[in-house]
Amino acid sequence: EAEVAQSPRYKITEKSQAVAFWCDPISGHATLYWYRQILGQGLELLVQFQDESVVDDSQLPKDRFSAERLKGVDSTLKIQPAELGDSAMYLCASSLAQAVDSPLHFGNGTRLTVT
Amino acid sequence: AQSVTQLDSQVPVFEEAPVELRCNYSSSVSVYLFWYVQYPNQGLQLLLKYLSGSTLVKGINGFEAEFNKSQTSFHLRKPSVHISDTAEYFCAVTWLDNYGQNFVFGPGTRLSVLP
């Protein structure tokens, strides 16, 4: 079964440094989501793409976070500068989104530790 | 607005005992319901989904869930749990709008199966 690919799996960075995460969704999936999951907590939607367009970034801290999906395929999430509170799992998911029963397919995430 | 409540943040249960994980939702539009499971350091996997029809839905790994519209609930059950069921379980609602498919997740329930 096709999978959502994410890299790196783990990232340790010092505060004030820049960090980037990459996601390659399942082929043909038009909708891509970036979620943040702080340890022991639920999922917080950071940004949602439909093809190359952002449809929801209301929870994205835009002063330090940016996301792009230039060709409507893979996506990059960037944090600059990183803060201690950014330590979390960053999950990418994709969906066909052609019908309401389209499930989300998740990658294995990038665990970020900011020191 | 749509929201999902999972009242139990942690559920410890002995192996081979039954378990029920509770999920309640609130919505101003028609939504559909999913349960996802997350094993340590992994992304989320789809357990089961309810769209319409029979209110009792069977999923993978012996799990089932019952949709109750009047109580706006979608509780997850398993008659006999295994050690390998230890994981975080998330209930989610999904709906379509002009911008695509949307998801809201509950805060999760950590199931710990004890020997």
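Rules of the game
Residues numbered from 1 in each chain as written. Chains lettered and ligands numbered in written order. Predicted model: local features only at pLDDT ≥ 70, side-chain atom pairs only at ≥ 80, totals over all residues. Heavy atoms only, no water. Helix = DSSP H or I, 4+ residues; strand = E, 2+ residues; numbered from the N terminus. Buried < 20%, exposed > 50% of the residue type's maximum accessible area, 1.4 Å probe, protein only. Areas by Shrake-Rupley, 256 points an atom, 1.4 Å probe, with all protein chains shown as cover. Lys, Arg positive; Asp, Glu negative; His and termini not counted. Charge placed at Lys NZ, Arg CZ, Asp CG, Glu CD. Salt bridge = Lys/Arg side-chain N within 4 Å of Asp/Glu carboxyl O. Contact = heavy atoms within 4.5 Å. Nonpolar A, V, L, I, M, F, W, Y, C, P; charged D, E, K, R; others polar. Pairing = 2+ DSSP bridges. Axes fitted to C-alpha atoms, helices over the stretch in contact; angles between N-to-C directions. Polar contact = N/O pair within 3.5 Å; in protein donor to acceptor, adjacent residues only side chain to side chain. Disulfide = S-S within 2.5 Å.

Chemist: Mind laying out the overall build of chain B, listing which residues take part and the relevant values?
Modeler: Counting its regular elements, chain B contains zero helices and 12 strands. Going residue by residue from the N terminus, the α and β elements of chain B occur as β-β-β-β-β-β-β-β-β-β-β-β. With the C-alpha coordinates of chain B rotated into their principal frame, the extents come out at 50 × 30 × 25 Å. For chain B, the residues scored as buried account for 46% of the 115 residues in total. Of the roughly 5500 Å² of accessible surface on chain B, a fraction of 51% belongs to carbon and sulfur atoms. Averaging the positions of the 7 positive and the 9 negative side-chain charges in chain B gives two centres separated by 5 Å.

Chemist: Quick one: what's the story with the pattern of salt bridges, residue by residue and with numbers?
Modeler: In this structure the tally under the stated criterion is 11 salt bridges over all chains. Salt-bridge contacts for A:E44 lead to A:R36; the nearest nitrogen and oxygen are separated by 3.1 Å. Overall, A:E44 belongs to the partly exposed group, its relative accessible area being 27%. Residue B:E20 pairs with B:R77 through a salt bridge whose shortest N-O separation is 2.8 Å. Of the two residues, B:E20 sits in strand β3 (residues 19-21) while B:R77 sits in strand β9 (residues 73-78), which places them 57 residues apart along the sequence. You can call B:E20 partly exposed: its relative accessible area is 35%.

Chemist: Summarise the interface of chain B and chain A; cite the residues concerned and give the values.
Modeler: On the side of chain A, 25 residues touch chain B, which itself brings 23 residues to the contact. Counting the contacts that link chain B with chain A gives zero salt bridges. Taken together, the elements giving at least two residues each to the side of chain B that touches chain A come down to β5 (32-38), β6 (44-50), β10 (87-97) and β11 (100-105) of chain B. Ranked by residues supplied to the side of chain B that touches chain A, first place goes to β11(B) with five residues. Taken together, the residues of the side of chain B that touches chain A break down into 13 nonpolar, nine polar and one charged.

Chemist: Mind laying out the sheet that holds strand β7 (residues 65-68) of chain A, listing which residues take part and the relevant values?
Modeler: Adjacent strands of a sheet pair through backbone hydrogen bonds, lying either parallel or antiparallel. All names here are of chain A. The four strands lie next to each other as β1-β3-β8-β7, forming an open sheet whose pairing is antiparallel. Because the sheet does not close on itself, it has two edges, and the strands there are β1 (5-7) and β7. Strand-to-strand twist in this sheet, taken as the mean axis angle between neighbours without regard to direction, amounts to 15 degrees. Note: β1 against strand β3 (residues 19-24), three bridges, orientation antiparallel. Among the inter-strand pairings, Q6 is bridged to a residue of β3, identified as C23.

Chemist: Tell me about the environment of A:S94, and name the residues and values.
Modeler: All names here are of chain A. Its location among the elements puts S94 in strand β9 (residues 88-95). On the basis of relative accessibility, which here comes to 0%, the residue S94 falls in the buried class. Once the C-alpha coordinates of S94 and K62 are considered, the two residues, 32 residues apart in sequence, prove to be 22 Å apart. With sequence-adjacent residues up to four places away left out, S94 is seen in contact with V4, P25, I26, H29, T31, L32, Y33, P103, L104 and H105. In this structure the side chain of S94 is engaged in a polar contact, spanning 2.8 Å, whose partner is the side chain of H29.

Chemist: Can you lay out the state of the cysteines for me, pointing to particular residues and giving the numbers?
Modeler: All names here are of chain A. Using the criterion set out here, one finds two disulfides over all chains in the structure. Disulfide pairing places C23 opposite C92 at an S-S distance of 1.9 Å. Residues C23 and C92 are joined through a disulfide that is left-handed, its torsion about the S-S bond being -65 degrees. Of this pair, C23 sits in strand β3 while C92 sits in strand β9, and the two are 69 residues apart along the sequence.

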